[in-house]
Amino acid sequence: MVRLFVEALPALYACCDVLVRPQDVASAARFQNDKRRREHLAWRRIVRRELGREVVIDYNDVGAPKVDTPNIYISVAHGGEVVAVAIADCRVGVDVESMERNFERARDRYASKEEVALSAQDGWLCMLWTAKEALYKLYGERGVELLALRVVGYDAERGTMHATLPDSSEAEVKIERYSGNIVVAVATFCE
């Protein structure tokens, strides 16, 4: 089961927010940019709200966030003024992007001709990029080329993509739109 939370990035955090712990503020302080600090605190606040204030948030060997709760996996993403958190009982990857970004310039680095041909839907390159980023997080290994994460099918009615990963495992990506121009992709392993 996957739970997805997509929320607007708060303008700032009050020091009295009961879900933001002192260690969260300390870890956010390493960022020079105010927006990055707010993103960092926003996703941690969502995780604590959903899993409990005392949950331990750490990072795995490839730098992805993890929690100390058995059989619970998280993935986080931020873009524009939105933060997305996926919490699941299986490995998961999430990404969020604005459709206003130009995805055409880098297309050859992340999309094959076959993948591009899967849909003529408005915003397809954005959806494809977002799916690839979510798949990258799901796969969990540094240095994997986005072209090695192959989208092999798309069901526009269900908003799902079928993908194969470099180790031949299969994954499903659910695509959702928020606020008109925000695309969120959540990738999970197919069972």
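For the structure itself, look to the data block above.
Here is what the cut-offs are and how they apply
Residues numbered from 1 in each chain as written. Predicted model: local features only at pLDDT ≥ 70, side-chain atom pairs only at ≥ 80, totals over all residues. Heavy atoms only, no water. Helix = DSSP H or I, 4+ residues; strand = E, 2+ residues; numbered from the N terminus. Pairing = 2+ DSSP bridges. Axes fitted to C-alpha atoms, helices over the stretch in contact; angles between N-to-C directions. Contact = heavy atoms within 4.5 Å. 1 Å grid on protein atoms, 1.4 Å probe; cavity = no way out; pocket = protein on both sides within 12 Å on 5 of 7 lines; lining within 4 Å. Points joined across faces, edges and corners; volume = space filled by probe spheres on them. Nonpolar A, V, L, I, M, F, W, Y, C, P; charged D, E, K, R; others polar. Core = buried A, V, L, I, M, F, W, Y, C linked by side-chain atoms within 4.5 Å. Buried < 20%, exposed > 50% of the residue type's maximum accessible area, 1.4 Å probe, protein only.

(A) Up close: unusual backbone geometry. The phi torsion at Asn71 lies on the positive side, around 60 degrees, for a residue other than glycine. Here Asn71 is to be found in the loop between strand S3 (65–67) and strand S4 (73–79). The backbone of Ser168 shows a phi angle near 75 degrees, a positive value even though the residue is not glycine. Position of Ser168 relative to the elements: it lies in the loop between strand S8 (160–164) and strand S9 (170–178).

(B) Main features of the sheet that holds strand S5 (residues 82–88). The three strands are arranged S1-S5-S4 in an open sheet whose pairing can be described as antiparallel. Each having just a single partner strand, strand S1 (2–8) and S4 make up the two edges of the open sheet. Geometrically, the sheet is characterised by an average inter-axis angle of 15 degrees between neighbouring strands, direction not taken into account. Sheet analysis places S4 next to S5, joined by seven bridges and oriented antiparallel. Bridge pairing in S5 links Ser75 to Ala86. Contacts from helix H2 (residues 34–51) reach S1, S4 and S5 within the one sheet, and its direction differs from that of S5 by about 35 degrees.

(C) The arrangement of the layout of surface pockets in detail. Looking at the largest pocket, its volume works out to about 770 Å³. Taken together, 32 residues form the lining of the largest pocket, with Gly63, Ala64, Pro65, Val76 and Lys137 sitting closest to its centre. When contributions to the lining of the largest pocket are tallied by element, the ones reaching two or more residues are H2, S3, S4, strand S6 (92–98) and helix H5 (124–139). In terms of residues, the lining of the largest pocket owes the most to one element, S4, which gives six residues. The class makeup of the residues in the lining of the largest pocket is 17 nonpolar, six polar and nine charged.

(D) View of the nonpolar core. By size, the foremost hydrophobic cluster in this structure holds 29 residues, and its most contacted members are Tyr110, Leu135, Met161, Val173 and Ile175. Going through the elements one at a time, H5, strand S7 (150–155), S8, S9 and strand S10 (182–189) are the ones with two or more residues in this core. Leaving out residues up to four positions away in the same chain, Met161 has contacts with Trp124, Met127, Leu128, Ala131, Val151, Gly153, Tyr154, Ala171, Glu172, Val173 and Ile175. Counting residues in hydrophobic clusters, the runner-up holds 14 residues, among them Ala42, Val47, Ile74 and Val85.

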